[in-house]
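# Coordinate analysis (summary)
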Amino acid sequence: MEKAQRRQDRLAKPPGSLGGLEQIAVRMAGITGEVIAGAPQRGCVLVFCADNGVAAQGVASAPQSVTRAQTINFTRRLTGVGTLARSFGSELLIVDMGVKEPIPEELYDDVPLRNTARIVDRRIRPGTWDISRGPAMTEEEALSAMAAGMEMVRKAIGEGYDILGVGEMGIGNTTTSAAVLSALTGRSAEETCGRGGGVNDRGFARKKEIVEQVRRACAAAESGAAEHSLDGPAARLDRVTGILARAGGFDLCAMTGAFLGAAAGRTPVVIDGYISVVAALVAAEIAPEAKDFMFASHRSAEPGYAIAVARLGLHPFLALDMRLGEGSGCPIAFDIIRGACDVMRNMATFEEAEINDDYLEEVRRGGCL
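The structure contained in this document is the topic of the report that follows. (Residues numbered from 1 in each chain as written. Predicted model: local features only at pLDDT ≥ 70, side-chain atom pairs only at ≥ 80, totals over all residues. Heavy atoms only, no water.)

### Focus on the overall build of the protein chain
The following threshold applies: Each helix is a run of DSSP H or I of at least 4 residues and each strand a run of E of at least 2, with the numbering of both proceeding from the N terminus. For this measure, only C-alpha atoms enter the radius of gyration; the expected value for a globule follows 2.2 Å times N^0.38, where N is the number of residues. Only protein chains enter the accessibility calculation, which uses a 1.4 Å probe; a residue is then buried when its area is under 20% of its type maximum, exposed when over 50%, and partly exposed in between. Two residues form a contact once any of their heavy atoms are found within 4.5 Å. Here the accessible surface of atoms and residues is derived via Shrake-Rupley with a 1.4 Å probe, and residues count as covered only by protein chains that are part of the display. Positive charges come from Lys and Arg alone, negative charges from Asp and Glu alone, with His and the N- and C-terminal ends not counted. Charge positions come from single atoms, namely NZ of Lys, CZ of Arg, CG of Asp or CD of Glu.
Within the protein chain one finds 14 helices and six strands. What you see for the protein chain is a C-alpha radius of gyration of 21 Å, in line with the 21 Å of a compact globule of 369 residues. Burial status across the protein chain gives 54% buried among its 369 residues. Restricting to contacts in the protein chain with at least 6 residues of sequence separation, those with at least 24 account for 77%. As displayed, the protein chain offers around 15500 Å² of accessible surface, 51% of which is attributable to carbon and sulfur atoms. Within the protein chain, the 47 negative side-chain charges are centred at a point lying 3 Å from the centre of the 40 positive side-chain charges.

### Brief notes about the sheet that holds strand β4 (residues 163-169)
How we decide: Two strands qualify as a pair provided that DSSP identifies no fewer than 2 bridges between them. Helix axes are fitted only over the stretch in contact, all axes being lines through C-alpha atoms; the angle between N-to-C directions runs from 0 to 180 degrees.
Sheet architecture is open: six strands sit in the order β3-β2-β1-β4-β5-β6, paired in parallel fashion. Across the chains shown, the open sheet's two edge strands, defined by having one partner strand only, are β3 (119-121) and β6 (294-296). Taking each pair of neighbouring strands and ignoring which way they run, the sheet shows an average axis angle of 30°. Seen against the sheet, helix α3 (residues 65-76) touches β1 (43-50), β2 (91-98), β3 and β4 and runs at an angle of roughly 150° to β4.

### Details of helix α1 (residues 2-10)
Note that an α-helix has 3.6 residues per turn; residues three or four places apart therefore point the same way. Quick reminder of the rule: Directions pointing from the helix axis toward each C-beta atom define the arc.
If you check which residues of α1 are buried, you get Ala4, Arg7 and Gln8. Here the buried residues of α1 occupy an arc of 105° about the axis, which is enough to place them on one side. Turned more than 90 degrees away from the buried face of α1 sit Glu2 and Lys3, all of them exposed. In this fold, the buried residues of α1 make contact with α2 (20-32) and α13 (330-346).

### So, unusual backbone geometry
Not every positive phi belongs to a glycine, and leucine 113 is a case in point at roughly 70°. Along the polypeptide, leucine 113 turns up in the loop between β2 and β3. Phi angles above zero are rare outside glycine, and arginine 266 is one such case at about 50°. As for its placement among the helices and strands, arginine 266 is situated in the loop between α10 (250-264) and β5 (269-271). Classification of arginine 266 by relative accessible area gives partly exposed; the value is 47%.

### Points about the packing of aromatic side chains
Each aromatic ring pair is described using two quantities: the centre-to-centre distance and the angle formed by the ring planes. Definition in use: Two rings from Phe, Tyr or Trp (for Trp, the six-membered ring) form a pair when their centres are within 6.5 Å of each other. A pair whose planes differ by under 30 degrees is stacked, one over 60 is edge-to-face, and the rest are tilted. Here, a charge over a ring means that NZ of Lys or CZ of Arg falls within 6 Å of the ring centre while also lying within 35 degrees of the ring normal.
All chains considered together, the criterion is met by one aromatic pair. On the basis of an interplanar angle of 50° and a centroid distance of 6.3 Å, the ring pair of phenylalanine 295 and phenylalanine 317 is categorised as tilted. Highlighted residues: phenylalanine 295 in strand β6 and phenylalanine 317 in the loop between α12 (303-312) and α13, separated in sequence by 22 residues. Directly above the ring of phenylalanine 295 sits arginine 27, whose terminal nitrogen or CZ lies 4.3 Å from the centroid. Directly above the ring of tryptophan 129 sits arginine 125, whose terminal nitrogen or CZ lies 3.7 Å from the centroid.

### Quick look at the pattern of salt bridges
Note the following rule: For salt bridges, the criterion is a side-chain nitrogen of Lys or Arg within 4 Å of an Asp or Glu carboxyl oxygen.
What the rule picks out here adds up to 18 salt bridges. A salt bridge links arginine 187 to glutamate 191; its shortest N-O distance comes to 2.9 Å. Exposure remark for arginine 187: the relative accessible area of 34% places this residue in the partly exposed category. Of the residues examined, glutamate 191 reaches a relative accessible area of 32% and is grouped as partly exposed.

### Details of the nonpolar core
The cut-off we apply is this: Here, nonpolar core means buried Ala, Val, Leu, Ile, Met, Phe, Trp, Tyr and Cys residues that are tied together by side-chain atoms lying within 4.5 Å of each other.
In this structure, Phe48 and Met294 are the most contacted members of the largest nonpolar core, which totals 107 residues. At eleven residues, helix α11 (residues 274-286) tops the list of elements feeding residues into this core. Leave out the neighbours within four places in its chain, and phenylalanine 48 touches Val95, Met97, Gly149, Met152, Val166, Gly167, Glu168, Met169, Asp251, Ala254, Met255 and Ala258. Judged by nonpolar contacts, the second largest core, of five residues, contains Ala25, Val26, Ala29 and Met344.

### A closer look at the pairing of β4
Counting buried positions over the seven residues of β4 gives seven, a clear majority of the element. Pairing between β1 and β4: seven bridges, direction parallel. Each bridged residue has a counterpart across the sheet, and for leucine 46 the counterpart in β4 is valine 166.

### Things to note about α11
To keep things clear, this is the line we draw: In this scheme, a helix's expected span is set at 1.5 Å multiplied by one less than its residue total.
A rise of 1.5 Å per residue sets the reference length of α11, with its 13 residues, at 18 Å; its end C-alpha atoms lie 19 Å apart and thus fit the reference within 8%. Burial runs high along α11: 13 of the 13 residues are buried.

### A look at the pairing of β1
Burial of β1 is extensive: eight of the eight residues sit out of reach of the surface. Summarising the sheet, β1 and β2 pair through seven bridges and their orientation is parallel. The partner of cysteine 44 across the bridge, within β2, is glutamate 91.

### Here's the deal with the packing of helix α6 (residues 173-185) against α11
The criterion, for reference: Should the near helix be turned anticlockwise from the far one by less than a right angle, the crossing is termed left-handed; should it be turned clockwise, right-handed.
Orientation of α6 relative to α11, taken along the N-to-C sense of each, is 35°, at an axis distance of 9 Å. Where α6 crosses over α11, the handedness of that crossing is left-handed. Contacts between α6 and α11 involve Asn173, Thr174, Ser177, Ala178, Val180, Leu181, Leu184 and Thr185 from the first element and Tyr274, Ile275, Val278, Leu281, Val282 and Glu285 from the second.

### Topic: the side chain of aspartate 272
To keep it simple, the criterion reads: Think of a polar contact as two N or O atoms within 3.5 Å of one another; within protein, one of them needs to be a possible hydrogen donor and the other a possible acceptor, and neighboring residues in sequence only count if both atoms come from side chains.
In this fold, aspartate 272 is placed in the loop between β5 and α11. Buried and without a salt bridge, aspartate 272 has arginine 323 as its closest oppositely charged side chain, separated by 12 Å. Within the structure, the side chain of aspartate 272 is placed 2.9 Å from the backbone nitrogen of glycine 327, a separation counted as a polar contact. Contacts of aspartate 272, omitting those with residues within four sequence positions, involve Val166, Ser297, His298, Tyr305, Gly325, Glu326, Gly327, Ser328, Gly329 and Cys330.

Here it is in structure tokens:
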């Protein structure tokens, strides 16, 4: 990365004039181990689909049946992320982690990426339990879902995809994401909850009530276990698994595993919106180095997004007021990362452009703003 930064400083432009594109290229050098990293050629968005029991509390604007409908529509590329993936030349890997309503058997293919118009079946069960009444799942289920996310990443890398995105589909999952974020950070429901797809005032009030209830339950559980805990990777995993089991969703758990799997496979991975950034933060809580492989695609309109992305120390590329989810920001970000790498590779240095750069010495010394 230091060598890549020195090359950036020699390119024929005022220092820092390409802003975030320069930092992307430098970070890609660190990920790939190549000073001039090759631009990623094959992008794949992993879309994890599951239902959340808390939807029964009226915290979402859409009925739970939409999870099934959109999971099927991903196979037809009729959704937001499906259309954008087609437009930007990316692929989708659709994974059923626990959709409540049955999906036709003919739409499943248990071999990931053999047929990208099919759904991979990694169902834990038909949706989580209602977090307003107790844990969403067992810790064993949370770990199984994380393992499925890691498995999907290994398969995608094995098939030659060299940049990945992480998305989701699950009615009620802005509530579970807010609950997990509040439990991880101690931030109140007022800070982590937004209206998701547009829930009404009554549903929004109930959403915040549930998230605050879960935050307090997780804090009490951690306080009671604190004297027995030890710092280190195992303790971090235990803490996070406990929070996911109490407050999360099968989609969120699998997404967490996907971010961990990308880091393990030294592959750049793109964060989408709110649910995706919470999963990224959970992964970084388990393995802090995992965030070095992450890129934030767009600034979600959900208020909790800013909390999570700041804690990760990342800066989103785009400000488009997007709040769809699904991984819709990822195909756009893939092209931005490609462009950053192409600039690093193909732009001339001052020497190659036969330009005397002495005039920039004052800028480099910080004499000009």
